[in-house]
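Chain by chain, the residues:
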Amino acid sequence: YQDYTVQPGINYYYYVVAYDSSMNIGLPSDTVCGKANPLLAQGWPQTVYGASYSSPNFGDLDPSYPGLEIVVGSLDGWIYAWHYDGSPVSGSDGRLFCAGSEYIWSSPAIGDVDGDGYYEIVFGVMRNSDNLYIIRYNYGNDQAIVLPGWPKSIGGGGLVSSPVLADIDEDGDMEVFAVTFSPANIYAFHHNGDPVYEDTSGLLDSLSGILRGTPAIGDLNCDGDLEIVCCGGSESTRLYVWDRYGDYLPPFPVQVEPDQEYSVVLGDIIGDENLEICFYTGNPSNKLNLVDHNGNILWQKSLLAGYIELCPAFGDMNNDGAIEVVLGYNDGLDFGLAVFDSIGNNLPGFSTRGHDAYPPIIVDVDGDDVFDVLCGSTEWQVHAYDGTGHWIPGFPVKLGNRINSSPAAYDIDADGKLELMVSCYDFKFHVFDLDGSLFDWPRFHYDPHNSGWYKSGYYTAIHENMSMDNINITYFGLEVYPNPFKKRLDIGWTIENGGCKAQNLSLKIYDVTGRLVRDFDLLSNITYLTSPIIWSGTDSQGRYVPSGVYFVKFEHNQQSRIEKIVKIQ
């Protein structure tokens, strides 16, 4: 049966009844809900001249243009970039920068690497030399330029894994971390191309075998400093953690399981304020592993999967306030999405079966304010399930070829609703309008920095035309992390559109006497509009303040949000 009368955005309900040869009517079937596929956003799809394993990313590359830009790599060696409406960022067809003819397999990272208030794109190429790039789109002359000191030649057959950005040395700009494919080595560079650690090549550590997964960076033990977390490679049984200085964080590296070649992600899954480490290990164990910040294995689940970029996702799938772990799998005979709660039990309704599932995202697809899970598949479809394992009406969406990468969903046009972004082997890049506005794990490795750190705080406000004069505010929120802190406090702030204008938005830090310690001028500094604010414990003169109690005040007109913070030695 095909219903040609359906209209977009409307739920339709169907049931079936059977008649025998004497025209006696049987009992009706259960009623099912159907819905037309989500509509393509205006201006999409756009042509890509090579197939893509790369997952899309997004950021404000062009402050002169409304909304956010979408960035993706391709197997034709190009970085593509479009505005939210499908128009090319540069030129006539979305091709922004050519790195040669070799594959761009990894997912680009986007961030203000050099601290100048403008976003850069960081990506790897599948070749031995000139295989790690930082580029910036210069909207003044409509060109993409390579930053001084780049590209780097780090060997290893290039990068299948994706680069990660983090301010590891807490100096206000970002460092670039990258892992080579074979042999597997992990490197770290400053934004100018200088090595972060002692080795002049930028090498942090040598791993074992091959590594296809992406490392993660976050405050693992809640001490105020970032740690680097990475699997040890296909010929290793060890999970590695380094502190900000490049030394092993005790008791790491720890023994877990063989074949450590996939991505790691971080999040407070068990609710102890520290971060747990989640990753998949391949043959012969074939397990999903959850390890705590002390190197203890909390639980393991047997699943057979063999994708190039296996990456779990975290999110509250059943709206109970606790975090679940989601992984796509394929055991050759059965495949689908597995969802486990914080102690390793299967979430009711999962595992889903019937199709393979590439790295998932977790967002509100249908506008019911409850999170759902989306994933691509080699069966040419994008699938979406609610927290009980049922298909979301309007899904699956069939495209023109397989989808081997993670989709992304974010409000790139600032209309209050999410857009779904999908790379595909059909030489098209697709963007669809969704009904929901909430996200919990919106893209591969969580955020535009590829940090893999759930609730990293990197998602903040969208600015438009380098100004907030055209943003209306009805709600604004404030988050600080960690608290207490030693050397670094991440201050995340959010706004929602509507209501009065934003000209009087301010963020200030006071001591217990009410004395102003630091004033972050949100309206004049573009960096503060697009990134979390990092306070290193200095006053307005750059002097370190003593340990003690302070207050962060986020204010607009007569409304304010205040967070008490504690700086410790």
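Look up: the structure comes first, before these words.
Residues numbered from 1 in each chain as written. Predicted model: local features only at pLDDT ≥ 70, side-chain atom pairs only at ≥ 80, totals over all residues. Heavy atoms only, no water.

Peer 1: Got a minute to help me understand the overall build of the protein in this structure?
Peer 2: A count of helical and extended segments in the protein gives one helix and 41 strands. For the protein, the spread of C-alpha atoms along the three principal axes comes to 90 × 60 × 50 Å. Burial status across the protein gives 58% buried among its 569 residues. Sequence-distant contacts in the protein: of pairs separated by 6 or more residues, those separated by 24 or more amount to 53%. (Helix = DSSP H or I, 4+ residues; strand = E, 2+ residues; numbered from the N terminus. Buried < 20%, exposed > 50% of the residue type's maximum accessible area, 1.4 Å probe, protein only. Contact = heavy atoms within 4.5 Å.)

Peer 1: What should I look at first to understand the pairing of strand S20 (residues 264-267) in this one?
Peer 2: If a strand is regular, its side chains alternate between the two faces of the sheet. Burial along S20 is two-sided: the residues Val-264 and Leu-266 and Val-265 and Gly-267 are all buried. By the bridge criterion, four bridges tie S20 to strand S21 (residues 276-281) in an arrangement that is antiparallel. Bridge pairing in S21 links Leu-266 to Ile-277. (Pairing = 2+ DSSP bridges.)

Peer 1: Can you walk me through the environment of Ile-362 in this structure?
Peer 2: Position of Ile-362 relative to the elements: it lies in strand S27 (residues 361-363). Note on Ile-362: relative accessible area 0%, which makes it buried. Placed 46 residues apart in sequence, Ile-362 and Ala-408 show a C-alpha to C-alpha distance of 9.3 Å. Each residue touching Ile-362, except ones within four places of it in the same chain, is listed here: Ala-313, Phe-314, Gly-315, Met-317, Val-326, Phe-371, Asp-372, Val-373, Phe-439, Asp-440, Trp-441 and Pro-442.

Peer 1: How do you make sense of the pattern of salt bridges when you look at a structure like this?
Peer 2: Pairing between side chains of opposite charge can happen when their charged atoms approach one another. In the structure shown here, the tally under the stated rule is 11 salt bridges. For Arg-127, the salt bridge goes to Glu-102, with nearest N and O atoms at 2.8 Å. Here Arg-127, found in the loop between strand S9 (120-124) and strand S10 (132-138), pairs with Glu-102, found in the loop between strand S7 (95-98) and strand S8 (109-111); they are 25 residues apart in sequence, far enough to count as distant. You can call Arg-127 buried: its relative accessible area is 15%. With relative accessibility at 29%, the residue Glu-102 sits in the partly exposed group. Of the charged contacts, one joins Lys-455 and Asp-440 as a salt bridge, the two residues approaching to 3.0 Å between their closest N and O atoms. Taken together, the residues Lys-455 in the loop between strand S34 (439-441) and strand S35 (472-481) and Asp-440 in strand S34 connect sequence positions 15 residues apart. Residue Lys-455 is classed as partly exposed on the basis of its relative accessible area, which comes to 47%. (Salt bridge = Lys/Arg side-chain N within 4 Å of Asp/Glu carboxyl O.)

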